[in-house]
Amino acid sequence: MAYILVLILAAAVLVLAALLVRLLRQLNTWADLLESTGADSNLRLPAALRLRPVLRSCRAINGRLDQAQQRALQARRSGEELQSAMAAVSHDIRTPLAAAGGYLELMRQEPDPEKRKKYLDIITRRLQDLEMLLDQLFLYTRLNAGEAARVRPVPVRLWPVLCDALTALYPQLEQAHIEPQIDFPDREIWVQADREALARVLRNLILNAVQHGSGGMVIRQRESSLTIENRVADPAALDLSHLFDRFWRADHARGRGGAGLGLAIVQQLTLAQGGRVEAQLMGATLCLTLTLQPAASAAQG
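Residues numbered from 1 in each chain as written. Predicted model: local features only at pLDDT ≥ 70, side-chain atom pairs only at ≥ 80, totals over all residues. Heavy atoms only, no water.

Draft legend 1. A look at the pattern of salt bridges. Counted according to the given criterion, the structure contains nine salt bridges. Here Arg-220 ties to Asp-183 by a salt bridge, and the two come within 3.5 Å at their closest N and O atoms. Residue Arg-220 is found in strand β4 (residues 218-222), and its partner Asp-183 is found in strand β2 (residues 181-183); the two are separated by 37 residues along the sequence. Arg-220 gets classed as partly exposed once you look at its relative accessible area, which sits at 32%. Look at Asp-183 and you get partly exposed, because its relative accessible area is 24%. Connected through salt bridges with shared partners, the residues Asp-183, Arg-220, Arg-222 and Glu-229 form a single ionic network. (Salt bridge = Lys/Arg side-chain N within 4 Å of Asp/Glu carboxyl O. Helix = DSSP H or I, 4+ residues; strand = E, 2+ residues; numbered from the N terminus. Buried < 20%, exposed > 50% of the residue type's maximum accessible area, 1.4 Å probe, protein only.)

Draft legend 2. Summary view of the environment of Ile-182. With respect to the helices, strands and loops of the structure, Ile-182 is situated in strand β2. Classification of Ile-182 as partly exposed rests on a relative accessible area of 34%. Here the alpha-carbon distance between Ile-182 and Gln-221, two residues 39 residues apart in the chain, equals 8.4 Å. For Ile-182, the contacting residues outside a window of four places in its chain are Trp-159, Leu-166 and Ile-219. (Contact = heavy atoms within 4.5 Å.)

Draft legend 3. Quick look at the packing of aromatic side chains. Per the stated rule, a full pass over the model turns up two aromatic pairs. Aromatic pair Tyr-103 and Tyr-119: ring centres 5.7 Å apart, planes at 45°, arrangement tilted. On the criterion of sequence distance, the pair formed by Tyr-103 in helix α2 (residues 52-109) and Tyr-119 in helix α3 (residues 113-144) is long-range, its members being 16 residues apart. Above the ring of Trp-159, the side-chain terminus of Arg-187 is found at 3.9 Å from the ring centroid. (Phe/Tyr/Trp six-rings, centres within 6.5 Å; stacked < 30°, edge-to-face > 60°. Lys NZ or Arg CZ within 6 Å of the ring centre and 35° of its normal.)

Draft legend 4. Expanded view of the environment of Gly-283. The residue Gly-283 is located in the loop between β6 (276-282) and β7 (285-291) in this model. Gly-283 gets classed as exposed once you look at its relative accessible area, which sits at 58%. For the pair formed by Gly-283 and Arg-231, sequence separation is 52 residues and the distance between their alpha carbons is 8.8 Å.

Draft legend 5. How the structure looks around helix α4 (residues 158-168). When we look at burial in α4, the residues that qualify are Leu-158, Trp-159, Val-161, Leu-162, Ala-165 and Leu-166. One side of α4 holds all its buried residues, which, seen down the axis, span an arc of 165°. Where α4 is buried, its residues touch β1 (154-157), α5 (170-175), β2, α6 (195-212), β4 and β5 (225-231). (Arc of directions from axis to C-beta.)

Draft legend 6. A look at unusual backbone geometry. Despite not being glycine, His-177 shows a phi value in the positive range, around 55°. For His-177, the position within the fold is in the loop between α5 and β2. Even without being a glycine, Glu-223 presents a positive backbone phi close to 55°. Within the secondary structure, Glu-223 is located in the loop between β4 and β5.

Shown next as structure tokens:
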């Protein structure tokens, strides 16, 4: 009887030893694969030993490898996007600077006062374009650094904010020969918004229509929504799914100003105020609709 028990124990020890050897081989195989493969590879660890703890460990490690690969791919895409965006923005910065410098040189050499004044007006507009571009870049940077969290919505009357935005952009509207058609039946409507953020949103929406439209602009108010409509020269070039992406622009030649950040800023600030902004293309007309939460007037509140 004792002899049989010894044989059973010996057999069990052999089985365990064999299992341990296979487990060590499995671990060594995983270590070799992990050490010899780059972080951005499609590596997935195999499980030759069909034991539950081994299979569970294999699934967990492969899950982490999937996450690491996704992060590496995202980082690569972000790097490529940033490099392309910075090249485009650099072009946008150099263009008004080069134009201003060229007209400044012409102005220095021009004896005719009328022509000198004309050159000075052009230089002023180019520098204003540059100032607006830099302002968009700085604001977008601040929003990404968490400044959107400082937005504090309160009851705000929509009509005066729109009037202020149109007044601020009067030079751009006049230069583009655009006189907006205003359809605003309820001038006493109040919305829940941060006045400064709302003013920035409205200016960006109007400026987008000025810079990238092909003439004409209609601004419609319906309850707590405001829609800005403008015709576009090439509707097929518009991808509405990317319209609010940072640095995205339909006019790839980049000859009409801006850094492709205006609508991205609109979306961030609108979300921070508890609202939404949507885009719709109706034939050759682009409709951007800003919807905010309705609010009682400050006096009622």
